[in-house]
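Residues per chain are reported as follows:
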Amino acid sequence: AGVTTIEVTPASSGNLEVAHSLSAAPEFFFVADDQGYADFSGFPAFHKDLSSENYLQLDGSDAHSSDSTYFPSGAAHADYIKLGTAFIDEYSNGHNLRIWAFTGVEGYSKFGKYTGNSSSDGPFVCTGFRPRYLMIKRTTSSDGGWKIMDTARDPHNVVTKNLYAHQSNDEDDLTSHSIDLLSNGFKWRTSGNHENANGHTYIYVAFAESPFKYANAR
């Protein structure tokens, strides 16, 4: 399985190791309080291409931060997810934690990073499938936040409609921030800082339009 949701009682002290049912170490996960609010900050998110002990806020646009009290070294393990001491107050208040965790599955999902080149002939990123859903985040700056594009709302290239995971705004339709969602990946058609600043790192989360290996075979 490439996706799992876990509800867990926080630890009363120290780090907590939470078993998961994924077939490999999670490559992307985030944590929330099951009461809808939290004593820790927002919705901390782990991505495999962040440096050890770094995290992002899924409900914010800030650059990545380093804090071992959220995700200590070795947070993503083949058998468990390790959470740090930032979550202890949830135990004191009688709240549970909910974790959404994902790992890459060939032909279904891919989690990775790319480097921007600040050109309208932007970088091509190979996922091995046509993305149905793509979310990106610049790790080195708050520019753009968590940007979402998909082929349900925008089935034909170039794709210009954007939603944002950290906002409740209506979608934007921005021809100046466009992307091609291709049969084997995606390619930016913008030099915008939100998606393609020169030399800057972006992480991505992608799920396939036809989630089957060799989906184009006849």
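As a starting point, this report considers the structure included with it. (Residues numbered from 1 in each chain as written. Predicted model: local features only at pLDDT ≥ 70, side-chain atom pairs only at ≥ 80, totals over all residues. Heavy atoms only, no water.)

Quick notes on the overall build of the protein chain
Filter applied, for reference: Working definition: helices are DSSP H or I runs of at least four residues, strands are E runs of at least two. Numbering for both runs from the N terminus. C-alpha atoms define the radius of gyration in this analysis, and the globule rule sets the expected value at 2.2 Å times the number of residues to the power 0.38. Throughout, exposure labels follow a simple rule: accessible area from a 1.4 Å probe, protein chains only, divided by the maximum for the residue type, with under 20% read as buried, over 50% as exposed, and the rest as partly exposed. Only heavy atoms matter for contacts: two residues are in contact if any of them lie within 4.5 Å across the pair. For every accessible area listed, the method is Shrake-Rupley and the probe measures 1.4 Å; residues are considered covered only by the protein chains on display. The convention is simple: Lys and Arg are positive, Asp and Glu are negative, and His and the chain ends are not counted. Charge coordinates come from a single atom per side chain, which is NZ of Lys, CZ of Arg, CG of Asp or CD of Glu.
When helices and strands are tallied, the protein chain shows two helices and 17 strands. The globule rule puts the C-alpha radius of gyration for 218 residues at 17 Å, and the 18 Å found for the protein chain is close to it. Each principal axis of the C-alpha distribution contributes one length, and for the protein chain these read about 50 × 40 × 30 Å. Here the protein chain holds 218 residues, and 47% of them are scored as buried. Sequence-distant contacts in the protein chain: of pairs separated by 6 or more residues, those separated by 24 or more amount to 61%. As displayed, the protein chain offers around 9,900 Å² of accessible surface, 44% of which is attributable to carbon and sulfur atoms. Each charge sign in the protein chain was given a centre, from 16 positive and 26 negative side chains, and these centres are 11 Å apart.

Details of the packing of aromatic side chains
Definition in use: Note on aromatic pairs: the rings of Phe, Tyr and Trp (six-membered ring only in Trp) are paired at centre separations within 6.5 Å, and the planes decide the class, stacked below 30 degrees, edge-to-face beyond 60, tilted for the rest.
Summed over the entire model, instances satisfying the criterion amount to 18 aromatic pairs. Aromatic side chains phenylalanine 111 and phenylalanine 207 sit 5.9 Å apart centroid to centroid with 85° between the ring planes, which places their arrangement in the edge-to-face category. Of the two residues, phenylalanine 111 sits in strand β9 (residues 109-115) while phenylalanine 207 sits in strand β17 (residues 201-208), which places them 96 residues apart along the sequence. Residue classification places phenylalanine 111 among the buried positions, given a relative accessible area of 1%. For phenylalanine 207, a relative accessible area of 16% puts it in the buried group. Taken together, the ring pairs connect Phe28, Phe30, Trp100, Phe102, Tyr108, Phe111, Tyr133, Trp146 and Phe207 into an aromatic cluster.

Details of the pairing of strand β12 (residues 147-150)
Stated precisely, the cut-off is as follows: A pair of strands is labelled paired if DSSP reports no fewer than 2 bridges between them.
Neither face of β12 is left uncovered, since the one carrying Lys147 and Met149 and the one carrying Ile148 and Asp150 both have all their residues buried. Relative to strand β13 (residues 161-164), β12 runs antiparallel, the two sharing two bridges. Within the sheet, the bridge partner assigned to lysine 147 lies in β13 and is tyrosine 164.

Things to note about the side chain of histidine 166
What counts is decided by this rule: The term polar contact refers here to a pair of N or O atoms within 3.5 Å; inside protein, the definition further demands a hydrogen-donor-capable atom paired with an acceptor-capable atom, and it admits residues adjacent in sequence only when both atoms are side-chain atoms.
As for its placement among the helices and strands, histidine 166 is situated in the loop between β13 and β14 (172-173). A polar contact of 3.2 Å, which involves the side chain of histidine 166, links it to the backbone nitrogen of tryptophan 146. When near neighbours in sequence (up to four residues on either side) are disregarded, histidine 166 contacts Leu58, Asp59, Gly60, Ser61, Gly144, Gly145 and Trp146.

A short note on the environment of alanine 24
Take alanine 24: it is sitting in the loop between β2 (16-19) and β3 (28-33). It is 7.4 Å that separates the C-alpha atoms of alanine 24 and aspartate 79, two residues lying 55 residues apart in sequence. Those residues in contact with alanine 24 that lie beyond four places of it in its chain are Ala78 and Thr103.

Side note on unusual backbone geometry
The residue after asparagine 157, namely valine 158, is reached through a cis peptide bond having omega 0°. Along the chain, valine 158 turns up in the loop between β12 and β13. A positive phi angle is found at glutamate 53, which is not glycine, with a value near 70°. Assignment of secondary structure puts glutamate 53 in the loop between β4 (44-47) and β5 (54-57). Overall, the relative accessible area of 28% leaves glutamate 53 in the partly exposed class. The phi angle at serine 118 is positive, at roughly 55°, despite the residue not being glycine. Looking at the secondary structure, you find serine 118 in the loop between β9 and β10 (124-126). Given the relative accessible area of 36%, serine 118 is considered partly exposed.

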